[in-house]
Structure formats: C-alpha cells, structure tokens
Amino acid sequence: MSNAPPTNPLNASCPTPLPQHERVVLGHGGGGRLTSDLIEKLFRPVLSSRVLAEGDDSAVLDTGTGRLAFSTDAHIVHPLEFPGGDIGRLAVCGTVNDLAMVGARPRWLSAAFIIEEGLPTDLLARIAASMQRAAEEAGVELVAADTKVAPRGTVDGLQIASGGVGLIPDGRDVRAANAKPGDAVLVSGPIGNHGIAVLAARGELAFDTTLRSDAAPLNSLVERLFDAGVAVHVLRDPTRGGVAASLNEIAKASAVSIVLNEEAIPIDPQVEAASEMLGFDPLHIANEGKLIAIVPSGDAERALTAMKELSVGEGAVPIGRVEEAPAGRVLLETALGPTRIIDMPAGELLPRIC
Amino acid sequence: MKHLTEYRDKDLVHKLLGQIRAEVRREYVLMEVCGGQTHSFVRSGLVELLPDEVTLVHGPGCPVCVTPLEVIDRALKIAARPDVIFTSFGDMLRVPGSEADLFSVRAKGGDVRVVYSPLDAVRIAQENPDRQVVFFAIGFETTAPANAMSVVQAERLGLTNYSVLVSHACVPGAMRAILDAPGNRVQGFLAAGHVCAVMGYWEYPPIAEQYKVPIVVTGFEPVDLVRGVLAAVRQLNEGRAEVENAYQRIVSEPGNREAQKLVTEVFELGPRGWRGIGEIPDSGLHLRDAYADFDAVRRFDVGDIHSVESPVCIAGEILQGRKKPTECPAFGTECTPDHPLGATMVSSEGACAAYYRYHRPTVTVNG
C-alpha cells in the first residue's frame, strides 16, 4: 500500500489534536484515563507524599504499634435518592469499602455536608438516617461531622465529603501491587447495577427497570475471606470506571497481565440490555457494593465458598486469572475464542453518576 | 436477552465460519458499511477468525466520523452563545473541532446537554421558553426519522426557540462514491442493517447492477455478521451481484414507510461534505424550505468559519477502506482516544477507536 495521497476528488484530511485541557472537563472525574492524567500531571508534581504515591484506595500508615488505614472520599450523585440507596448510604459504603480494600477493619468515619440553600429538610433527614443505618450495618461510628450551606445554584442539592479510619490486623498485606502470575481473579457478584440504576432513576433510559443500586458495605465480606484463611493478594471495589478501570490499575501496579473470560463475567440481563441500548460496556459501569479479589489459585474455591456465605457475596464467581505478560495489560477471551484488549475507560462515559 | 444470545451462539458462528472456509477460493475484499458492524467484528474477535482470504475494509458508516469539521466548528460557536442550550447525542461531545470540543465549551460555561432523543431537546425547549434550544441533528438514515419528528413536533407546538443543526448522511451515495473512487478495492458490501430497517433495501439494486457488486443486508451480532460474509463470498464465487437480505428478522425490502414519509416531508436529498472524504453528490439530507425557520445555520450568525484540518491523520483513507487503522503511523502513539487526531478515533463507532480499544496486541504499553 503506497503512502501517496489519494487522488481527488476523495481528498483525505483530518483535524489536529486538541492542546492540553485549559480547563477541567467532566471527564476528569470519570475515574478513567483523564482522571489519572489529572492526578499524574497536575497534582502529583506539586502535591504528593510517599504514601499518596502508592495509589491504593486508602493510605496505610505505620503508627509504630500497628497499622492504620485512612481514607477520604467525596460524593456527588443525581438524583440524591435512587432505588437501592441514596447519597448518604453511598458516602458510608464508599468510605468503608475504601478502608476494607487495604485489608483494614473500618472503625471511625467523618462526614462534611455541603448543602444547597433550599434543600428540603425532610430529604436531608432521610439521608442522615440512611447514613446511620449504613454505619450500623458496617459496624462503624460516625465520630466527626461538619455542615456548610452554600447559596442556591452553587451546589446540586447536597454533596458529602467523608473520611474514615480503620485498623489493619497484623499479617495482612493487601495492595494493588500484589497480584502474582497464577492468581485467580474473583468478583463478588453481577456488575454494573449501580450505574444503570442511577441512570434509570434519572429517567434517562427509555424503558423501566427493576434494577437497584448495589450500594453496600463490604467489610464483612473481606473479614470472611481472611477468616477462611484465604491469602488475599489484592482487593478493589470497582466504583467509577468500573471493573475495567480497577483491573487496569492492578495490572499496571503489579506489572502483570490480567486475562478475563467473557462468558464468566456476571451481568444482570437488565444491565446488559441497557448497556446494549446506550452503547456502554458493563465493564466500564460503576458498582458500589462489589469487590474484586485476587487470590492464589489454590485458595480460589475457599474464597468463593466464604463469600457466598454472605448475601452481599452470594453471586461470587471466578472471572479470570493473572498472567506474566503482557505486563500492564487487561485482556478478555471472547466467547468466540479470540482475545481482545480491555482498556481504561477514557473519560466521561456516562452522564455523570457519582 | 435470550433473543440476542441466540445470535451470539458460538457453535453456530463456528459452523458458519467453517462454511466460509469451505467456500473461499481466492481473495475477497468486503466492506461492512456501518461502524456498529466494525465494532462488533473487532469486539467479538470475529475479525481474527475469518479466513485470511477474506479482507474486511471498514466503511464510512460512522456518523460522528464523517461530520465535516466546519459543521463541528459551527456547533462549537453556537454552543458557546449564552442564549443557547445546545443538545447533542453523547458521542459528538468529544469530537475535536479546529480548536476545541463540546466538552471544553461546556467547561467554559456553555450550556451543553447530552440527550438520548431529539424529542428530549424539544421538551427542553418547551421548558425553557426564554432560551434557544439547538439539537445537533447528525446521523444516517437511522436517526433521520426522529430528528424529522422533532422539527414537526416543534412546529405543531408553535415553538420559536427550537432549531436543528443538520448534518445528515445517506448511505447509497457514499457507496457509489467508494465504488467510483480510483483504486477502489471493495468487491462486495455488507449493508448497514439498522439503516435498512428504516429505508428498506429498494435503493440498492441499481448499485449492485451498475457496479457488479453483491450487497448483503447484514445485522450486528456475530451470527448475523458471519451470515453476511458467507452470503457475499458465495455470490462472488457464483459470479452473482445481487441484493440479498441476511437480516430478515429486522429488515424488509420496503422498510418503514411511515418513517420514510416523515423524513421526506422535512428533509430533501442533496450534496454533502464527508469529513476525510470530501463532497459527495446526493449523500446528505437538508431541511426543506418549508422548515427553514428551524435551521440553526440561518438562526445563528456565527461569522466566518475557518476550519483547519491537519495532514497527519489518514481517516479519509480508512473511511474509504483503503487502509486499516493499524497501518497509520500515528495509531496508538500520537493518536489515541484521549488525543484523537481524527474522528475515527473518537466515536464509539469509529474504526480506529474499535482497533484501539479491542485490538492492539502488538502495541506496547506506555509507562
């Protein structure tokens, strides 16, 4: 094939690339490549620390007498209440899960409420009560809180910033960089329900669903894995950016390849239908009550049995394995046989979810 | 989802692939017209399972990719106006114009909203009588009926604050242009199933006859795609050049007559610029004079538009099936979905994006 330009009248041409973003776009919050870009190129050079640079869901801090996990999270979601949860439940579960994903036992939470002038107080009360219920479910205490009211139009109803502290029992070493070739990749249940449930609650699907957000604390599931004697290498809750983003981060941090089996990935038929219709990949859709566990293959059966004992893990299945090469890459064996790449989602895939 | 699962049946796919292998006896160059088909071929891995004798070239059927740069630049200027709510299908937001994209316009304060249907845009116009609501009416024959319906509905509602920025493309004109182009390699087409669901396939027999090419109406699931390839290969072996329907569960020859009537009521056929290709006669839909009041181009004077295309990217050659995305020196290096050099890397239906997302086994990982 020659490189000569094609003959007229069919003249081939194309645009130049855009310069770097001069302003933050919504995609920078999507949990995909644009988010990594913002962190790596803007924040890291001017605002970082050794612990922050490790890039796990929580900071792991050595106190001299033991290890603390410390995490912070901000929550925005529209609508504030949706089937299966609300912004308060999301704030508690999100923070608890970030702590649990480094093997910590979550203990204490903080919450800052940024409230838009005009928010109905009964809605705020419902959300606060929902937070308390979620905290009790997770066995954590809300020990610090703050309230600010912002003028109408400067905040979309309510935003919550949360923090959490947990204790990591001795002997646990759970980090994104710990995946080893030969390990099994497990997921605790069907993926994509949260993202699609929120979309449906916004009335953005042309059909009704009975889908509910999976928002749930996962710390009891994590404890169950350790109680069963599973040598857990990596844990992640695939929130923004979905399973694809989490696995890409793990593959990169551990310098391994992760190979998924397309037919093994559990997806609710309604999530699949909505994804088909909207052109989304369920692997890119957010979850708020699922975890990915990477464990030695010899422990996989034990881990699955342990997870299935709890309702939050009853859909646990193996979805793939860790291999040596190509390092940093996530691959998918399609139902038809050939293998394809699973990439990080780029930026804003869905209308903003949370 | 049983319905779809049936058309992803791997045993059936492999059986049909076996039939294709038994059938091939020379080189075959087939073009799948629609970007949705390209994605399905690559995503399912089918593209690797076809025998080497069958070369697929990826057609121009990605509406985002073929929207001319000057139309995107005009959209950006209209969207930046403070009196405007600019509505669009999500895919268009990331397509770079000469200097910006709709995401950046939104980040700078433009009111840009993603809608799933133009009828949502009409509703937004009803709810915001003091704002101008513009819908970016792009797409092939598949989206034309709903876009036409939005104009008719806005007229019925007496809305004076709704308009459409139209850049509609039609498949038959593009197929002719590809076949007329010097150096054309395409021997047969897998016609775009969704387009045919609306338009039927009565437009195709003259093309098949004149250019002696088989045209097989083809769906999007793996079973549909291999059926389409098998039918085209058989026709070529038998020296036939006919229009054949391999997507009968969805497509009939006349298509959806009501939808066609609506499109004809609002739009008329005319020449259209195709990004990366150039102007093609009878390949676009334009608002009829009777609906000129709803034309965003007339409603908003945004001054002169000087669009600047770069010579780096080979999207034009890819859209015409002359080259594969992986033959582009910028593919996966200078040009990625985060920094697209061309629209084919942007859209979920773009050929380059399909290859980048699913099919880069030889490209090494950066950092």
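As the structure is a prediction and not an experimental result, all values here were calculated from the model. (Residues numbered from 1 in each chain as written. Chains lettered and ligands numbered in written order. Predicted model: local features only at pLDDT ≥ 70, side-chain atom pairs only at ≥ 80, totals over all residues.)

### Quick notes on the overall build of chain A
The helix and strand tally for chain A stands at nine helices and 15 strands. Scaling as 2.2 N^0.38, a compact globule of 354 residues should have a C-alpha radius of gyration of about 20 Å, and chain A matches this with 21 Å. Dimensions along the principal axes, computed over C-alpha positions, put chain A at roughly 70 × 55 × 45 Å. Intrachain contacts of chain A at a sequence separation of at least 6 include 83% that bridge at least 24 residues. (Helix = DSSP H or I, 4+ residues; strand = E, 2+ residues; numbered from the N terminus. Rg over C-alpha atoms; globule rule 2.2 N^0.38 Å. Contact = placed C-beta atoms within 7 Å.)

### Looking at the overall build of chain B
When you go through chain B residue by residue, the secondary structure sums to 17 helices and 12 strands. Relative to its length of 367 residues, chain B is compact, with a C-alpha radius of gyration of 21 Å against a globular reference of 21 Å. Viewed in the frame of its principal axes, chain B has a C-alpha envelope of about 65 × 55 × 45 Å. By the burial criterion, 56% of the 367 residues in chain B qualify as buried. (Buried ≥ 20, exposed ≤ 12 C-beta atoms within 10 Å, placed from the backbone.)

### Quick word on the nonpolar core
One finds Val33(B), Ala79(B), Leu165(B), Phe189(B), Ala191(B), Cys196(B) and Ile215(B) to be the most contacted residues of the largest nonpolar core, which totals 120 residues. Each of domain 1 (1-314) and domain 2 (315-358) of chain B contributes no fewer than three residues to this core. Not counting the four nearest positions on each side in its chain, Phe189(B) is found in contact with Met31(B), Val33(B), Met175(B), Val213(B) and Ile215(B). In this structure, Met131(A), Ile160(A), Ala200(A) and Leu332(A) belong to the second largest nonpolar core, which totals 86 residues. (Core = buried A, V, L, I, M, F, W, Y, C linked by C-beta atoms within 7 Å. Domains from an automatic or database assignment.)

### Description of the domain arrangement of chain B
Residues and elements named next belong to chain B. You can read the domains of chain B as domain 1 (1-314) and domain 2 (315-358). Using C-alpha coordinates to define each centre, domain 1 is positioned 17 Å away from domain 2. Listed by partner, the interface residues are 31 residues for domain 1 and 26 residues for domain 2. Listing elements by their share of the side of domain 1 that touches domain 2, those giving two or more residues are helix H3 (35-44), strand E2 (54-61) and helix H5 (63-66). At six residues, H3 tops the list of elements feeding residues into the side of domain 1 that touches domain 2.

### Brief notes about the sheet that holds strand E11 (residues 278-287) of chain B
Residue and element names in this part refer to chain B. Read across the open sheet, the six strands follow the order E4-E3-E5-E6-E11-E10; overall the sheet is mixed. In this open sheet, the two edge strands, each paired with only one partner strand, are strand E4 (111-114) and strand E10 (267-274). Taken over all neighbouring pairs, the strand axes of this sheet differ in orientation by 25° on average, direction set aside. When strand E5 (residues 132-139) meets strand E6 (residues 162-169), the two strands line up parallel, connected through seven bridges. Within the sheet, the bridge partner assigned to Val133 lies in E6 and is Tyr162. (Pairing = 2+ DSSP bridges. Axes fitted to C-alpha atoms, helices over the stretch in contact; angles between N-to-C directions.)

### Some remarks on the environment of Val171(B)
Residues and elements named next belong to chain B. Along the polypeptide, Val171 turns up in helix H10 (residues 171-180). Placed 20 residues apart in sequence, Val171 and Ala191 show a C-alpha to C-alpha distance of 8.8 Å. If we skip the residues at most four places from it in the chain, Val171 touches Val33, Gly61, Phe140, Glu141, Ala192 and Val195.

### Quick notes on the packing of H3(B) against helix H17 (residues 351-358) of chain B
Residues and elements named next belong to chain B. Two elements in contact, H3 and H17, have axes separated by 9 Å at closest approach and are oriented at 15°. The orientation of H3 relative to H17 falls into the category roughly parallel. Once H3 is placed against H17, the crossing between them reads as right-handed. Residues Gly35, Thr38, His39, Val42 and Arg43 of H3 form the contact with H17, whose own contacting residues are Ala351, Ala354, Tyr355 and Tyr358. (Parallel < 35°, antiparallel > 145°, perpendicular 65-115°, else oblique. Left-handed = near helix turned anticlockwise from the far one by under 90°.)

### Some remarks on helix H7 (residues 242-254) of chain A
Residues and elements named next belong to chain A. For H7, which comprises 13 residues, the first-to-last C-alpha distance of 19 Å matches the rise-based estimate of 18 Å (1.5 Å per residue) to within 8%. Among the 13 residues of H7, 12 are classified as buried, and the element is accordingly described as predominantly covered. Considered for burial, the residues of H7 that qualify are Gly242, Val243, Ala244, Ala245, Ser246, Leu247, Asn248, Glu249, Ile250, Ala251, Lys252 and Ser254. (Expected span 1.5 Å × (residues − 1).)

### Comments concerning the domain arrangement of chain A
How big an interface is tends to be stated in terms of accessible area lost as the parts join. Residue and element names in this part refer to chain A. Structurally, chain A comprises domain 1 (55-168) and domain 2 (176-342). With centres defined by C-alpha atoms, the gap from domain 1 to domain 2 works out at 23 Å. Counting from both sides, the interface comprises 24 residues of domain 1 and, opposite them, 23 residues of domain 2. Among the elements of the structure, helix H3 (87-100), strand E6 (105-116) and helix H4 (121-138) are those that each provide at least two residues to the side of domain 1 that touches domain 2. Counting residues per element, the side of domain 1 that touches domain 2 draws most heavily on H3, at seven residues.

### Here's the deal with the sheet that holds strand E8 (residues 158-168) of chain A
Residue and element names in this part refer to chain A. The strand order across the open sheet built from five strands is E2-E3-E8-E6-E7, with neighbouring strands paired in mixed fashion. Both edges of this open sheet fall to strand E2 (59-62) and strand E7 (141-150), since each of them pairs with a single strand only. For this sheet, the mean inter-axis angle between neighbouring strands, taken without regard to orientation, is 15°. In the sheet, strand E3 (residues 67-75) pairs with E8 via nine bridges, with the strands oriented antiparallel. When the sheet's bridge partners are listed, Thr72 is paired in E8 with Gly163. Sitting on the sheet, H3 is in contact with E3, E6 and E8, with an inclination near 30° to E8.

### A closer look at the pairing of strand E11 (residues 257-261) of chain A
On a regular strand, one side chain projects to one face of the sheet and the next to the other, so that they alternate. Residue and element names in this part refer to chain A. Of the pairings in the sheet, the one linking E11 to strand E13 (residues 317-323) comprises four bridges and is antiparallel in character. By the bridge assignment for E13, Ser257 is matched with Glu323. Bridging between E11 and strand E14 (residues 330-333) involves four bridges; their strand directions are parallel. When the bridges of E14 are listed, Ile258 appears paired with Val330.

### A few points about unusual backbone geometry
Here the residue pair His78(A) and Pro79(A) is connected by a cis peptide bond, since its omega of 0° sits within 30 degrees of zero. Tracing the sequence through the fold places Pro79(A) in the loop between E3 and strand E4 (81-82). For the bond from Ala325(A) to Pro326(A), the omega torsion is -5°, close enough to zero to count as cis. One non-glycine residue, Lys212(B), adopts positive backbone phi at about 55°. Among the secondary structure elements, Lys212(B) is positioned in the loop between helix H12 (205-211) and strand E8 (215-218).

### Here's the deal with the pairing of E8(B)
Residue and element names in this part refer to chain B. Because side chains alternate across E8, one face comprises the buried residues Ile215 and Val217, and the other comprises Val216 and Thr218, equally buried. When strand E7 (residues 188-192) meets E8, the two strands line up parallel, connected through four bridges. Within E8, the position partnered with Leu190 by the bridge is Val216. Both E8 and strand E9 (residues 243-245) contribute to a ladder of three bridges, which runs parallel. Bridging from a neighbouring strand, Val216 pairs with Glu244 of E9. In this view, the connection linking E8 to its parallel neighbour E9 by way of helix H13 (residues 222-237) has left-handed handedness. (Right-handed = clockwise from strand over helix to strand, strands pointing away.)

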